[in-house]
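# Observations on the three-dimensional arrangement
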Amino acid sequence: MQDAMGRPCWTLLPFIPADWRWLRGRTDLPWYPSLKLYRQTQPRDWSEAVDRVLRDL
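Throughout, a residue's number is its position along its own chain's written sequence, starting from 1. Under the rules for a predicted model, residues below a pLDDT of 70 receive no local features and side-chain atom pairs below 80 are neither given nor counted, while totals for whole chains, interfaces and linings still include all residues. With hydrogens and water set aside, each side-chain value is computed from the structure's full complement of heavy atoms.

## Details of the pattern of salt bridges
Take a side-chain nitrogen of Lys or Arg and a carboxyl oxygen of Asp or Glu: if they are within 4 Å of each other, that pair is a salt bridge. Applying the stated criterion across every chain yields a total of 3 salt bridges. One salt bridge in this structure joins Asp-56 and Lys-36, with 2.7 Å as the shortest N-O distance. With a gap of 20 residues between them, Asp-56 in helix α1 (residues 47-56) and Lys-36 in strand β2 (residues 35-39) connect regions that are remote in the sequence. Arg-52 is paired through a salt bridge with Glu-48; the nearest N and O atoms lie 3.3 Å apart. On the criterion of helical spacing, the pair formed by Arg-52 and Glu-48 is a turn pair, its members being 4 residues apart in helix α1. Whether a residue is buried, partly exposed or exposed follows from its accessible area with a 1.4 Å probe, protein chains only, as a fraction of its type maximum: under 20%, in between, or over 50%, in that order. Assessed through its relative accessible area of 40%, Glu-48 is described here as partly exposed. Counting from the N terminus, the helices are the DSSP runs of H or I reaching at least four residues and the strands are the DSSP runs of E reaching at least two.

Shape is all these values report; function is a separate question.
Here is the structure:
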């Protein structure tokens, strides 16, 4: 699935998964092929996830 403009989407996820759809241990999802996931590695610490986003930009 892509956004309305047909471009890839990125999502930042908290350390504790809020929903089964996000699967664990993956940066992609089979049902949203253009969506890339960036997860926190520690609760309340976004620094590593944001660093990965910045690196991919």
